[in-house]
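Spelled out from the first residue to the last, the chains are:
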There are 2 protein chains.
Amino acid sequence: MPDPTFGYVTPENLALFTDRYELTMMQGYVETGHEPAATFSLFFRKLPPDRGYLVAAGLEQIIACVEDLTFGDRAIAHLEARGFHEGFLDRLADFEFSGDLRAVPEGTPVFPNEPLVEVTAPIFEAQLLETLFINQVGFPSLVATKAARMRDVVDRHGGDQSLVDFGSRRAHGTDAGMKAARAAYVGGFDGTSNEAAAEAFGVPAYGTMAHSWVQSFPTEREAFEAFVDVFGEDSILLVDTYDTIDGTELAMAVAEERGVDVAGVRLDSGDLVGLSKDASAILRDASSRGDHGGDWSPGVFVSSGVDEYVLAEFLAGGGVATGFGPGTALTTSADAPKLDAVYKLVAVERDGVLEPSMKLSAGKVTYPGEKSVRRTETHGEYAGDVLGRRGEDGPGRELLVDVYDDGDLVYDLPTLDEIRERRAREVARLPEAVREIEAPETYPVEVSDGLAGLTRALRDELSARVGD
Amino acid sequence: MPDPTFGYVTPENLALFTDRYELTMMQGYVETGHEPAATFSLFFRKLPPDRGYLVAAGLEQIIACVEDLTFGDRAIAHLEARGFHEGFLDRLADFEFSGDLRAVPEGTPVFPNEPLVEVTAPIFEAQLLETLFINQVGFPSLVATKAARMRDVVDRHGGDQSLVDFGSRRAHGTDAGMKAARAAYVGGFDGTSNEAAAEAFGVPAYGTMAHSWVQSFPTEREAFEAFVDVFGEDSILLVDTYDTIDGTELAMAVAEERGVDVAGVRLDSGDLVGLSKDASAILRDASSRGDHGGDWSPGVFVSSGVDEYVLAEFLAGGGVATGFGPGTALTTSADAPKLDAVYKLVAVERDGVLEPSMKLSAGKVTYPGEKSVRRTETHGEYAGDVLGRRGEDGPGRELLVDVYDDGDLVYDLPTLDEIRERRAREVARLPEAVREIEAPETYPVEVSDGLAGLTRALRDELSARVGD
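Residues numbered from 1 in each chain as written. Chains lettered and ligands numbered in written order. Predicted model: local features only at pLDDT ≥ 70, side-chain atom pairs only at ≥ 80, totals over all residues.

1. Let's talk about the interface of chain B and chain A
Test applied: This entry defines residue contacts through backbone-placed C-beta atoms, with two residues in contact when those atoms are within 7 Å. Only DSSP runs of H or I with at least four residues qualify as helices, and only runs of E with at least two residues qualify as strands; both kinds are numbered from the N terminus onward. In the scheme used here, Gly and all other residues not listed as nonpolar or charged are polar, with Ala, Val, Leu, Ile, Met, Phe, Trp, Tyr, Cys and Pro taken as nonpolar and Asp, Glu, Lys and Arg as charged.
Taken together, the contacts link 109 residues of chain B with 109 residues of chain A. Here the element with the most residues in the side of chain B that touches chain A is helix 1 (residues 20-32) of chain B; it accounts for eight residues. In terms of residue class, the side of chain B that touches chain A is built from 46 nonpolar, 37 polar and 26 charged.

Shown next, in the form of structure tokens:
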């Protein structure tokens, strides 16, 4: 039998969720007595295709990881069996994060080269966090961004349609399903179909019915009747199992016969624009008949391949819907499933002082030193950011906030609704051209004179002694 | 503080990892007393772009889910708070899978419309499994396929290079990192950099060093010396922090000075073909000097954006390497991050008999009834499959095997190495044109006369009574 914890990461093996080389280097640091303090910066080099901004997400998960990150007996036994040395393992058994961590709050739009997280700690500690941190921040940020784009499309069309995450089944495993549901909510979704995510994050869960419900009854009529009898006015009837228009008419007939003002119908295939118009006309007809007194307005809920591009086309084409259920495209960030997030050493202690550091690898240069990110605005709209050295003066508001100070959590975690509101407020203040879903304009991120000078000086110095 | 189990799925909330509508329908089945047996088929409609086949994976995880799937106090309390009814919750508290399950063994190449899993059980049970099963099978199959394509490229170039999963950090959460590492091994990788996956699945873990190691020392020389002093002949030195060629020469100089036959160097940026040739020439030179007696052959390990397309170009271009570390492209299946896997009702009990069922939704038609998949061969090469009705006679070998019988696990789980060997054997027997990594030929899957006839008859019958 497979191990019941098969494939899952729990507090018992969380610390092992790291790349082998982190552990190798950590043993090397210990055994060579080379244990300077160091600063690592987590950032990305390029926005994914067609993205004008990225919504930062995952900080709460990073904090949960730092709090949970200990090497218990199981982890130590594994590493011992794989040949790691005793003195090093003793150090791991005592592992506890004692450093500083600054980060951009979740829900904030961020841009290339801006640190989402910056860690200053003994290198032994800071090194370990790389794999886990990138893993915890990259994916949620991609999904929060994808969701924000869809919410923005709805907003721009002046709509107030609901958006519900329907994509857990196609997410990359269970953790991805959970993280996607949370990130979708951050990005402006109203809830999720995933009941476990609803429980974990306290967000609304929504659902209708599947084709299997309809097929499991001898006729579509019996299927609708049975559902309406149990769920009454909460019923949203899936109408495309056999024929969408006939199904919609049947749904309304059943509603009228049963005297139940059902919530609406769901369309899941075919020409969604055309069908949604026809279906909503049938619903309008039904609600204008009888004695509903005008207070019954059944809705059309649309699923099947919905993403920001489909949404924009649907709304521009005059499609009529009260809600959408994006699935696969959302939870896999299908058109941009990867973020080139990295966690790079940018400063290292020499003679008791943190000195800026960088590498020269082709195409992968990193700005050295601890950073500042300042966001400026004009007339309530964001005008650009300045990426500078930590502590450098400049215009605008600093984005990085203190999260850990000497190992103590000093950050008041916002609620998920507060994060969602930040996303709404901050994304709305980006220039409209930056928010376009295709070929967006580049948001200006300027490198401060201080940082530019430091980068130049360090590059010259390093180039001069290559091969030393 | 966040909940320490934040975002993770464990046996305590695993049963809630389902879409709300599954639970809604289940309550509906209970409250209407509509509880026929039913068969659901898990399959995909279309291969992802540029895929000629899909390597089935995830069955072991499905079995683990079935074994772990119970509604404990936490899950019941959540559902009660969200308004589900007492009688239904009592049924959930007793949930245990009592049905039959057939599946294609992991490591088997599969094609559109072929069931990877088929469940026959009381509809109350079978309905619940949809979301979780699709989630558990889709992603691992994508990654196993991606990995198999890379292994195949290496094989075709007559190489025996190692392939190591370096992509946990970019996977969509921790579960995805774990599942990707396992699936990569199934697909022919030699191991993973992920230590937690190495522990969970008993596969080798590999790692070298990061740029942070090099940068953390005052000079590259000191960094290499310190590493070689600790890790000796296991050392693989990362040489591109400042300049790849200078770094490679320095690595060899340090190896000679220390008298240590290091394992090799890693390249992580720049023109990989050209640099790998130059670096391997430097390594060859070094190993031919001194008194190595010919038994030192340090290797060149290549990372940075490796996937099957890059690999093919690298090898065709005469690049020289002893191993590769594909990362992001592998663990996100970047060029094909989604599989349109579905779990569809194909038969339902009427008057005590399982009757084939289908829907007519535009573009989403499903073949009705329980299935058989038979694979035929000619001269040791697979010639095509026949998708038929269960029990139908035909040529070739049946792919679906019994996994659960009346709720009892009747399947001898193969080891991961056995699964990996099955993948090697079975993929190699596919026609070469089907295995092309771009524009592969379509592998022939024929629908049996029996299934074609049934589908026609049922479609006609359903079309005739649409709107009933």
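That shown, we press on.
2. Some thoughts on the environment of alanine 383 of chain A
Residue and element names in this part refer to chain A. We count it as follows: Any residue whose C-beta has 12 or fewer other C-beta atoms within 10 Å is treated as exposed, any with 20 or more as buried, and any in between as partly exposed, C-beta atoms being built from the backbone.
Among the structural elements, alanine 383 can be located in strand 15 (residues 381-389). Exposure remark for alanine 383: the 15 C-beta atoms within 10 Å place this residue in the partly exposed category. Each C-alpha atom, one on alanine 383 and one on tyrosine 443, is 8.0 Å from the other, the two residues being 60 residues apart in sequence.

3. Considerations on unusual backbone geometry
Residues and elements named next belong to chain A. Its identity as a non-glycine residue notwithstanding, serine 304 has a phi of 85°, on the positive side. Mapped onto the elements of the fold, serine 304 is located in the loop between strand 10 (299-302) and helix 12 (308-316). For serine 304, a count of 21 C-beta atoms within 10 Å translates into the label buried. Positive phi outside glycine occurs at aspartate 406, with the angle close to 50°. In this structure, aspartate 406 sits in the loop between strand 17 (401-405) and strand 18 (408-409).

4. What about the sheet that holds strand 7 (residues 191-192) of chain B?
Residue and element names in this part refer to chain B. The cut-off we apply is this: We call two strands paired when DSSP finds no fewer than two bridges between them.
Spatially, 7-6-11-10-9-8 is the arrangement adopted by the six strands of the open sheet, whose pairing is parallel. Looking at strand neighbours, the two that pair on one side only are strand 7 and strand 8 (236-238), the edges of this open sheet. Bridging between strand 9 (residues 264-267) and strand 10 (residues 299-302) involves four bridges; their strand directions are parallel. Bridge assignment links glycine 264 to a residue of strand 10, and that residue is glycine 299.

5. A closer look at the environment of leucine 47 of chain B
All names here are of chain B. Tracing the backbone through its elements, the reader meets leucine 47 in the loop between strand 1 (37-44) and strand 2 (54-55). Assessed through the 20 C-beta atoms surrounding it within 10 Å, leucine 47 is described here as buried. If we skip the residues at most four places from it in the chain, leucine 47 touches Leu54 and Pro112.

6. With respect to the packing of helix 9 (residues 220-231) of chain B against helix 10 (residues 244-258) of chain B
All names here are of chain B. Formally: As a rule, the C-alpha atoms of each element are fitted with a line to give its axis, helices using only the stretch in contact, and angles between N-to-C directions run from 0 to 180 degrees. We call two directions roughly parallel when the angle between them is under 35 degrees, roughly antiparallel when it is over 145, roughly perpendicular when it lies between 65 and 115, and oblique otherwise. The hand of a helix crossing depends on one turn: near helix anticlockwise from the far one by less than a right angle means left-handed, and clockwise means right-handed.
With their axes 10 Å apart at the nearest point, helix 9 and helix 10 run at an angle of 45° to one another. In terms of their interaxial angle, helix 9 and helix 10 are classed as oblique. For the element pair helix 9 and helix 10, the recorded crossing hand is right-handed. Contact residues: Glu220, Arg221, Phe224, Glu225 and Val228 in helix 9; Gly247, Leu250, Ala251, Val254, Ala255 and Arg258 in helix 10. Split by residue class, the contact of helix 9 with helix 10 holds six nonpolar, one polar and four charged.

Note that every value here comes from positions in space, so none of it alone points to a role or purpose.
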